[in-house]
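# Structural overview
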Number of protein chains: 2
Amino acid sequence: MKELSKLMDFRPSIKVVDATLRDGGLVNDFYFPEGFEKALYEANLKAGVDYMEFGYRADKEMFDVNKFGPCKFSSDDFIRSIVGENDTDLKIAIMTDVGRCNYKQDIQEKANSPVDLIRVATYTHQMPGALDMIEDAKNKGYEVSCNIMAISNAQEGDLKVALDLLGKSPVDIIYIVDSYGSLYPEQIARIADLYGEFAAKYGKKLGMHAHDNQKLAFANTIEAAGDGVDYLDATYAAMGRGAGNCAMELLMGFLKNPKFKLHPVIKFVEEYMNPMKEAGVVWGYDLQYLLTGVFNQHPRSAIQFTKDKRKNFSDFFMEVTSQE
Amino acid sequence: MKELSKLMDFRPSIKVVDATLRDGGLVNDFYFPEGFEKALYEANLKAGVDYMEFGYRADKEMFDVNKFGPCKFSSDDFIRSIVGENDTDLKIAIMTDVGRCNYKQDIQEKANSPVDLIRVATYTHQMPGALDMIEDAKNKGYEVSCNIMAISNAQEGDLKVALDLLGKSPVDIIYIVDSYGSLYPEQIARIADLYGEFAAKYGKKLGMHAHDNQKLAFANTIEAAGDGVDYLDATYAAMGRGAGNCAMELLMGFLKNPKFKLHPVIKFVEEYMNPMKEAGVVWGYDLQYLLTGVFNQHPRSAIQFTKDKRKNFSDFFMEVTSQE
């Protein structure tokens with residue numbers, strides 16, 4: 001049971017990471033309405049958010065720049081067009097996927113970039129690629145985090161090897177990622193315990209990135225916070241791939257550090273997120289995501305179900321459970 | 001941390017209580033579509049649900065029978081019209097509010113009724129009324145539970161007195177009720193601990209009734225289950241007052257007793273709940289409920305906000321926070 005004192009006090013080391021442009025961009029191919037990125041930046045400043053993730057730094061040789069909005073590539077120039085020299089306490093992050101980022105060429109020295117944090121995303125079987133990206137980013141002067149994805153399908157032995165490799169690497173923050181939204185809070189407690197052993201041994205910090213397939217993204221995020229995880233990902237109105245993420249408005253309502261403000265978040269959701277939803281951009285918890293979450297599968301079949309505007313959930317149940 | 005063995009095994013004492021007709025009825029004045037109650041009864045039988053709550057046994061002197069559907073009053077005759085003699089393992093429950101039920105007259109001997117469980121709902125300041133209803137129901141031969149409502153606003157001292165009074169009463173089950181949807185899992189753990197002391201001392205069982213204002217109804221319900229609470233309320237598609245309740249489909253996806261089946265729940269949501277929602281019946285998590293939850297208030301202002309189809313959440317934030 002959490003200590004009573006912790007229910008009223010706060011831990012200054014907790015950092016809130018806004019992932020709206022990156023995970024939310026997976027829903028709309030990164031085409032946000034005019035002025036959205038700038039208004040989000042200003043809302044984050046007012047709300048006391050610590051990091052704002054601008055998107056992926058995707059390889060333009062692999063992805064057609066005419067088929068995605070600018071946050072798919074989040075070039076330094078694009079980021080500067082929104083934040084200028086970003087003379088604020090809000091740090092800027094980008095994500096780089098192993099195998100989808102030409103990092104040696106496309107990431108320049110930190111001294112010449114508005115970016116502060118490089119977030120490397122990897123599967124356990126891609127660890128050597130991830131480690132090379134981590135070293136590259138660290139050598140260029142950035143803070144670096146690493147997301148090990150899809151851990152609900154990883155063997156614990158493999159995970160321990162990955163954590164040990166990351167421990168020995170120069171990475172600063174290791175993220176717990178519930179890619180399939182299949183984990184329960186009691187499992188998050190165990191995973192945070194395992195990650196915490198390696199974090200303590202190697203002097204790393206921990207982060208949490210949750211998905212809302214079982215309406216547990218917020219619950220899992222605050223479970224992780226209570227277990228010593230400091231970096232908490234959230235998105236406005238929970239916008240993110242499939243069922244979405246931990247909602248920024250829920251997280252801000254929970255956190256007790258006075259620097260965090262709920263009102264600017266509510267205002268941004270009212271003025272930007274809700275109109276986008278009403279205009280037809282679709283994300284969020286629904287039965288199809290519950291099913292892929294319960295059965296610990298990648299949400300791609302549920303995303304397709306959503307795109308096809310299907311409503312036959314009972315048939316989808318049979319499809320999901322026959323994919324063994 | 002929960003024991004690893006408990007994550008895979010199950011506790012046979014866990015009972016699932018379907019509260020769709022009762023808490024859901026608060027959304028549509030108990031006017032469910034033709035055939036709904038019967039189809040729900042059959043879905044509950046297939047899903048392995050343990051108790052089905054049919055509604056309130058409201059006093060017809062106080063409430064106009066022409067202004068509410070039959071589940072507001074859930075007479076024995078109405079229940080029999082759906083379940084016949086109910087020769088099944090599914091038990092039937094009704095709720096009686098202190099001060100709103102003419103129980104001496106309207107509840108007959110269990111031997112003549114299809115009802116198995118009387119659920120008495122009370123605030124701490126109404127305990128003498130609740131105790132009289134509990135004794136009346138017990139003397140007539142029913143199982144009896146008691147919901148102490150709005151505990152997030154109750155003084156711990158008062159709550160302990162109420163729990164001690166209930167301990168000494170003939171009630172069978174004492175419910176933890178998060179009426180305002182304002183409690184976090186770490187608080188549920190503490191409350192379950194407190195209730196558990198009295199339950200152990202007096203040989204009572206515990207129940208959990210959650211609301212989804214902060215998308216925590218399911219998380220709080222499984223937290224309670226992990227803390228030894230046996231009776232778990234849920235509603236199909238989370239239908240319930242305001243933000244709604246713990247979704248039956250989430251709970252059935254989580255519970256591991258092989259008697260519980262998820263597919264019939266998914267099918268019922270597809271065939272009955274989703275069409276009802278599409279027809280314009282409104283419930284479920286939204287920002288206005290988050291705000292009354294975060295600020296630990298009765299959701300009535302949020303329900304009015306919803307009825308008025310307002311979208312100015314930022315203004316509502318100011319209204320909620322000025323109600324001190």
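Rules of the game
- Residues numbered from 1 in each chain as written.
- Chains lettered and ligands numbered in written order.
- Predicted model: local features only at pLDDT ≥ 70, side-chain atom pairs only at ≥ 80, totals over all residues.
- Heavy atoms only, no water.
- Contact = heavy atoms within 4.5 Å.
- Buried area = accessible area lost by both parts, 1.4 Å probe.
- Salt bridge = Lys/Arg side-chain N within 4 Å of Asp/Glu carboxyl O.
- Polar contact = N/O pair within 3.5 Å; in protein donor to acceptor, adjacent residues only side chain to side chain.
- Helix = DSSP H or I, 4+ residues; strand = E, 2+ residues; numbered from the N terminus.
- Buried < 20%, exposed > 50% of the residue type's maximum accessible area, 1.4 Å probe, protein only.
- Pairing = 2+ DSSP bridges.
- Right-handed = clockwise from strand over helix to strand, strands pointing away.
- Least-squares fit on C-alpha atoms with pLDDT ≥ 70 in both.
- Phe/Tyr/Trp six-rings, centres within 6.5 Å; stacked < 30°, edge-to-face > 60°.
- Lys NZ or Arg CZ within 6 Å of the ring centre and 35° of its normal.
- Domains from an automatic or database assignment.
- Nonpolar A, V, L, I, M, F, W, Y, C, P; charged D, E, K, R; others polar.
- pLDDT = per-residue confidence, 0-100.

- Under an unreviewed UniProt entry, the name given to chain A is 4-hydroxy 2-oxovalerate aldolase, and the source organism is Treponema ruminis.

## Re the interface of chain B and chain A
- On the side of chain A, 44 residues touch chain B, which itself brings 45 residues to the contact.
- In this assembly, chain B packs against chain A so that about 4000 Å² is buried in total across both faces, 67% of it on carbon and sulfur atoms.
- A per-residue breakdown of the area chain B buries against chain A is headed by B:Glu186, B:Arg190 and B:Lys215, which together make up 16% of the total.
- Between chain B and chain A we count four salt bridges in total.
- One salt bridge in this structure joins A:Lys215 and B:Asp212, with 2.6 Å as the shortest N-O distance.
- The interface formed by chain B and chain A includes ten residue pairs in polar contact (both at pLDDT 80 or more).
- Elements supplying a minimum of two residues to the side of chain B that touches chain A: α1 (4–8), α9 (185–202), α10 (217–226), α11 (248–254), α12 (263–278), α13 (287–294) and α15 (313–321) of chain B.
- The dominant element in the side of chain B that touches chain A, judged by the number of residues it contributes, is α12(B), at seven residues.

## Examining the pairing of strand β2 (residues 51–56) of chain A
Residue and element names in this part refer to chain A.
- For β2, a buried count of six out of six residues is recorded, marking the element as mostly surrounded by other parts of the structure.
- As defined by bridge partners, β2 adjoins strand β3 (residues 91–97) across four bridges and the pair is classed as parallel. Across the sheet, residue Tyr51 finds its bridge partner in β3, namely Lys91.
- A crossover links β2 with its parallel partner β3, the connecting element being helix α5 (residues 76–83), and its sense is right-handed.

## A look at unusual backbone geometry
- Residue A:Ala238 is not a glycine yet carries a positive backbone phi of 65°.
- Following the sequence through the fold, A:Ala238 ends up in the loop between β8 (231–234) and α11 (248–254).
- The residue B:Asn86 is not glycine, and still its phi comes out positive at about 50°.
- On the basis of relative accessibility, which here comes to 10%, the residue B:Asn86 falls in the buried class.

## Section: the relation of the copies chain B and chain A
- Between the two copies, chain B and chain A, the superposition gives an RMSD of 0.0 Å; the rotation angle is 180° and the shift along the axis is 0.0 Å. Here the symmetry operator amounts to a two-fold rotation axis.
- Interface overlap between copies is the fraction of interface residues in one copy that are interface residues in the other; for chain B against chain A it reaches 98%, indicating a shared surface.

## Observations concerning the packing of aromatic side chains
- All chains considered together, the criterion is met by 34 aromatic pairs over all chains.
- Taking 6.4 Å as the distance between ring centres and 75° as the angle between the ring planes, the aromatic pair formed by B:Phe54 and B:Phe78 counts as edge-to-face. Here B:Phe54 is found in strand β2 (residues 51–56), whereas its partner B:Phe78 is found in helix α5 (residues 76–83), with 24 residues between them in sequence. Taken individually, B:Phe54 and B:Phe78 each receive the classification buried, so the pair is uniform in this respect.
- Here the aromatic rings of B:Phe63 and B:Phe68 are separated by 6.0 Å at their centres, their planes lie at 80°, and the arrangement is edge-to-face. Grouping residues by exposure puts B:Phe63 and B:Phe68 together as buried.
- Each residue in the set A:Phe30, A:Tyr56, A:Phe63, A:Phe68 and A:Phe73 is aromatic and connected to the rest through ring pairs, giving one cluster.
- Sitting over the face of the ring of A:Phe63, A:Lys72 holds its NZ or CZ atom 4.0 Å from the ring centroid.
- Between the NZ or CZ atom of A:Lys256 and the centre of the ring of A:Phe254, over which it lies, the distance is 4.7 Å.

## Notes on the domain arrangement of chain A
All names here are of chain A.
- One can read the domain layout of chain A as domain 1 (11–278) and domain 2 (287–321).
- Taking only C-alpha atoms into account, the centre of domain 1 sits 25 Å from that of domain 2.
- Counting from both sides, the interface comprises eleven residues of domain 1 and, opposite them, ten residues of domain 2.
- Carbon and sulfur atoms supply 54% of the area buried between domain 1 and domain 2, which totals about 860 Å² over both sides.
- The largest share of the area that domain 1 buries against domain 2 comes from Tyr180, Asn213 and Arg241, three residues that together contribute 52% of it.
- Linking domain 1 to domain 2 there are zero salt bridges.
- For the side of domain 1 that touches domain 2, the residue count by class is two nonpolar, eight polar and one charged.

## Some remarks on the pattern of salt bridges
Residue and element names in this part refer to chain B.
- Under the counting rule described, the total for this entry stands at 42 salt bridges over all chains.
- Here Lys91 makes a salt bridge to Glu143, at a shortest N to O gap of 3.1 Å. Placement of the pair is Lys91 in strand β3 (residues 91–97) and Glu143 in strand β5 (residues 143–148), with a sequence separation of 52 residues.
- Owing to a relative accessible area of 33%, Lys91 belongs among the partly exposed residues under this scheme.
- Salt-bridge contacts for Lys104 lead to Asp132; the nearest nitrogen and oxygen are separated by 3.2 Å. Of this pair, Lys104 sits in helix α6 (residues 103–106) while Asp132 sits in helix α7 (residues 127–139), and the two are 28 residues apart along the sequence.
- On the basis of relative accessible area, Lys104 is assigned to the exposed category, the value being 53%.

## Side note on the confidence of the model for chain A
- Within chain A, residue pLDDT values average 96, and 98% of them lie at 70 or more.
- In the model output, the complex is listed with pTM 0.96 alongside ipTM 0.94.

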